[in-house]
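Chain by chain, the residues run as shown.
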Amino acid sequence: MLDKTYRPAEVEARHYRRWEEAGAFSAHPESNKKPYAIMIPPPNVTGSLHMGHALTFTLQDVLIRYRRMRGRDALWQPGTDHAGIATQMVVERQLAERNLTRQDLGRERFVGEVWKWKEQSGGTITRQLRRLGASLDWPRERFTMDEGLSRAVTKVFVDLYKQGLVYRDKRLVNWDPKLHTAISDLEVEQREVKGRLWYLKYPIEGEEGVFITVATTRPETMLGDTAVAVHPEDERYRGLVGKNAMLPLVGRRLPIVADGYSDPTKGTGAVKITPAHDFNDFEVARRHDLPLVNIFDRDARLNDNVPESFRGLDRFKARERVVAELERLGLLVKVEEQVHVVPYGDRSGVPVEPWLTDQWFVNAAALAGPAVAAVKEGRTRFVPRHWENTYFEWMRNIQPWCISRQIWWGHQVPAWYGPDGGVFVEMTEAEALAAAARHYGREVALERDADVLDTWFSSALWPFSTLGWPQATLELERYYPTDVLVTGFDIIFFWVARMMMMGIHFMGDVPFRDVYIHALVRDARGQKMSKSKGNIIDPLELIDRYGCDALRFTLASLAAQGRDIKLAEGRVEGYRNFATKLWNAARYAEMNGARATDGFDPGSARLAVNRWIIGKVQEMSEGVASALEGYRFNDAAQAVYHFTWGTFCDWYLEFTKPILTGGDPAAVAETRATTGWALDQLLIHLHPFMPFITEELWEKLARRRERSLIVTDWPEYRGLRDAEAEAEIDWVVRLVSQIRTIRAEMNVPPGAPIPLLLKGAAEATRARLGRWRGVIARLARLASAETITREVGGGAVRFVIDEATGLLPIADVIDLEKERARLGRELAVVEGEIGRIERKLANQDFLAKAPEDVVEEQRERLAERAEARSKFSDALARLNAP
């Protein structure tokens, strides 16, 4: 007998342990089943489960459980990313507690400390994924720094270098002056800060008293200026193009160049060009062949390329001194307060410096062409489709990819330098020494490059390196290309595009057939979650409070394509109540002897109500399968939700109560078997979304099961829909629903029975009413239910059902005039609110200034109020009908 209450905490750990021990998550590469593969986006080894993880891994698990049940050999490849900078910082903080630095230990010992940390503390995220119910093939777990993947990384680097696609160059990078490393754009946080805009005068060479004025938020960088740019069509400066300005404090000639980068509407329209410290200026310099003057060292202090009085100054101290000097010389025109965006390192929390430095780069443009063509030709498909445009935009404007980092934890660059700086890139040091000996004609000592590779470089190989490449493994042949990648839009460029480039280049085919891009999980008001706002929702806390299934179902049911998820705790609580509803329905079935029967043939049912629920199972199944095939997770979840809560629990179980307590043994037996069968089908279809409660009920509701639910076959139904039974029972549902709606709208007391009169009913309708009169009266709380041919007097509310008109005489149970007045007041309030919202949304000032989530909230409120207006209007119309 099922317990009275479902206790998720007890059930979840038990079933997950059983599944894992039984190998239920395992792929079988030797199988003759059709393969299906998903690569997990590897979470950082330092990570903890956040709501973004919860969404993406829930959706992946829904797909993998569904495909596994559909008979596919399903591989969900697990693993974690070594997360270079993040992991190194964790270990460095631990060392700091012991008053040590990584330099105190040296590289080898420090890397050993990181490995020790990884073994002791690096499993947090994988334990948390188990709590989410993620059915990953854990024995296949990989780590981006494990031996096999490290070999793949080295081979890719070496091959690309020898193909001329990896090279060393001096270019601008995002430099973190605290961590002393280049960082990727994804590790840069754009912050709005209150700053200033300084207007500076630069004298024109050879023209006494003539100046050109530039505006800048960073006056200290003027010491590295090599030009001034103006727009080619800006009449104010046309006569100055081709002349030189003189750089104050330095005395360097600055050519005045015409370039479209300069915006005549911003500042003065004249822009100081500092190519070594601004990405846009760097491009201007390339177009006009300007010199690059690097004025910062790795700490963002001024170096020897500036006048002596500024050398060694921190960039912000230098700013103060430069401004003071310019003011003393009468070259500071004015200063304006300004809010502007400054890039910060997301790990270090200090402003990032565009810095000219020697780094390793990938010729991404050469690799991007085939990756663009693959999407254009449909070999990889984005869902939703519009994300293809984002992908194309990034790929067509792709820049060289900086892949080196100045840290110690990561894949060390396999490059060695000879005594004259010659570079030898090989798989091993021995091969590099041999290559150097051939080059120099003698044995020489080599020094290895100290840099490590960008984490995204190893992640780009994930779809094939995890399957054993460069070895020709059975897994690689069977599961590559994978079927779908499920990920967020923010890493389309950083990860998706790079996997496409590497996969096509090294495997000759795309890494995945579909890319499903899910939206963001926001808070209940639609705001992005952040620590600073204090609105972060911890998925593990929700699991503790409401159970894993409730959180998973919430996320799936809200995962509409192209729409961010607004997550309120009340939603999760609501789906916890859904789990309770299912549990109670199962207990009811168990107490009434309704259980799945061996050999039950759903096509043999003779009672209309049983044929109806059997047909509804097929309808639900088709809806769930169609939605999952199209990655419409919300539609799939809602299809099984509405069937469970509405069709099965609220209608079928209520319809069949009189049968189960009646005196017809054949009808009782058929209804028990049908109820048990329908409940089983419900559990199968709900399992990908709510795996724990469904597995528990599957186990408890039958005397014995051949297999666990997780490995049970997904059913195929044919010919189970009975049009006649559906028409009849659907009619009963619609009739009862309309009566319930009217009772609620008119404030009819719940305990007050009212009569139903059906006028103009056809013979078939009269027959239906006769067959179902008792059920209709019980569910709609009717005193009687009759058909009539005569007219009736006032005081009856009218509604239409098919060809008939329904009348509910309610004058004896409510005051009609008071009800008309109440509905009129409600309608007036709603219309007033609609008017206010419409005026607000028509106000261009409001639309321009209000945050996007506030505008969206108003639109949603308007739709909700419009629905209320329709409801009150309909109710008034019914009351006023003759």
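Up top is the structure these notes are about.
Quick summary incoming for the structure in this document. (Residues numbered from 1 in each chain as written. Predicted model: local features only at pLDDT ≥ 70, side-chain atom pairs only at ≥ 80, totals over all residues. Heavy atoms only, no water.)

1. Quick word on empty space enclosed by the protein
Logical step 1: Following the criterion strictly, the structure yields three cavities of 30 Å³ or more and no others.
Logical step 2: As a volume, the largest cavity reaches approximately 50 Å³.
Logical step 3: Taken together, Ala594, Arg595, Ala596, Gly676, Leu679, Asp680, Leu701 and Arg705 make up the lining of the largest cavity.
Logical step 4: Of all the elements, helix H22 (residues 665-686) adds the most residues to the lining of the largest cavity, at three residues.
Logical step 5: Split by residue class, the lining of the largest cavity holds four nonpolar, one polar and three charged. (1 Å grid on protein atoms, 1.4 Å probe; cavity = no way out; pocket = protein on both sides within 12 Å on 5 of 7 lines; lining within 4 Å. Points joined across faces, edges and corners; volume = space filled by probe spheres on them. Helix = DSSP H or I, 4+ residues; strand = E, 2+ residues; numbered from the N terminus. Nonpolar A, V, L, I, M, F, W, Y, C, P; charged D, E, K, R; others polar.)

2. Considerations on the environment of Asp483
Logical step 1: Position of Asp483 among the secondary structure elements: in strand S22 (residues 482-488).
Logical step 2: It is 5.5 Å that separates the C-alpha atoms of Asp483 and Ala37, two residues lying 446 residues apart in sequence.

3. What to know about the pattern of salt bridges
Logical step 1: Considering all chains together, one arrives at 72 salt bridges under this definition.
Logical step 2: Here Glu235 makes a salt bridge to Arg238, at a shortest N to O gap of 3.1 Å.
Logical step 3: Judged by its relative accessible area of 56%, Glu235 falls in the exposed class.
Logical step 4: A relative accessible area of 44% places Arg238 in the partly exposed class.
Logical step 5: Between Lys700 and Glu696 there is a salt bridge; the shortest N-O distance is 2.7 Å. One end of the pair, Lys700, and the other, Glu696, are both in helix H23 (residues 691-701), four residues apart, so they sit about a helical turn from each other.
Logical step 6: On the accessibility criterion, Lys700 (40% relative accessible area) is partly exposed.
Logical step 7: The network of salt bridges with common partners includes Lys616, Glu619, Glu622, Arg721, Glu726 and Asp730. (Salt bridge = Lys/Arg side-chain N within 4 Å of Asp/Glu carboxyl O. Buried < 20%, exposed > 50% of the residue type's maximum accessible area, 1.4 Å probe, protein only.)

4. Examining the packing of aromatic side chains
Pairs of aromatic rings are described using the distance from one ring centre to the other and the angle between the two planes.
Logical step 1: Under the counting rule described, the total for this entry stands at 44 aromatic pairs.
Logical step 2: An angle of 80° between the planes, with centres 5.3 Å apart, marks the rings of Trp115 and Trp409 as edge-to-face. Of this pair, Trp115 sits in helix H5 (residues 107-121) while Trp409 sits in the loop between strand S17 (404-405) and strand S18 (415-417), placing them 294 residues apart in sequence.
Logical step 3: Classification of Trp409 as buried rests on a relative accessible area of 1%.
Logical step 4: Seen from their ring centres, Tyr575 and Tyr641 are 5.6 Å apart, and the 80° between their planes marks the pair as edge-to-face. Separated by 66 residues along the polypeptide, Tyr575 in helix H19 (residues 569-591) and Tyr641 in helix H21 (residues 633-660) bring together distant segments of the chain. A single burial state applies to Tyr575 and to Tyr641, both of which are buried. (Phe/Tyr/Trp six-rings, centres within 6.5 Å; stacked < 30°, edge-to-face > 60°.)

5. Focus on the sheet that holds S18
Logical step 1: As summarised here, the arrangement of the three strands in space is S19-S18-S20, forming an open sheet in which the pairing is antiparallel. Looking along the sheet, the strands with just one partner apiece sit at the ends: strand S19 (423-425) and strand S20 (447-448).
Logical step 2: Direction of pairing for S18 relative to S20: antiparallel, over a ladder of two bridges. Residue pairing in the sheet places Trp416 in a bridge with Arg448 of S20.
Logical step 3: Across the face of the sheet, helix H12 (residues 429-440) comes into contact with S18 and S19 while running at roughly 140° to S19. (Pairing = 2+ DSSP bridges. Contact = heavy atoms within 4.5 Å. Axes fitted to C-alpha atoms, helices over the stretch in contact; angles between N-to-C directions.)

6. Brief notes about the sheet that holds strand S28 (residues 796-801)
Logical step 1: Spatial strand order, S27-S26-S29-S28: four strands in an open sheet with mixed pairing. Pairing within the sheet leaves two strands with one partner each, and these edge strands are strand S27 (782-788) and S28. In this sheet, neighbouring strand axes are inclined to one another by 20° on average, regardless of whether the strands run parallel or antiparallel.
Logical step 2: Bridge analysis of strand S26 (residues 754-759) against S27 gives six bridges, and the strand direction is parallel. Note on S27: the bridge partner recorded for Leu756 is Ala785.
Logical step 3: Helix H24 (residues 723-745) contacts S26, S27, S28 and strand S29 (804-809) of the sheet and is inclined by roughly 150° relative to S28.
Logical step 4: Together, S26 and S27 form the strand contacts of helix H25 (residues 763-780), whose direction differs from that of S27 by roughly 165°.

7. Here's the deal with the pairing of strand S2 (residues 73-77)
Logical step 1: Extensive coverage of S2 is indicated by the burial of five of its five residues.
Logical step 2: Here S2 shows two buried faces, one formed by Asp73, Leu75 and Gln77 and the other by Ala74 and Trp76.
Logical step 3: Where strand S1 (residues 35-39) lies against S2, five bridges are found, and the strand directions are parallel. Within S2, the position partnered with Ile38 by the bridge is Trp76.

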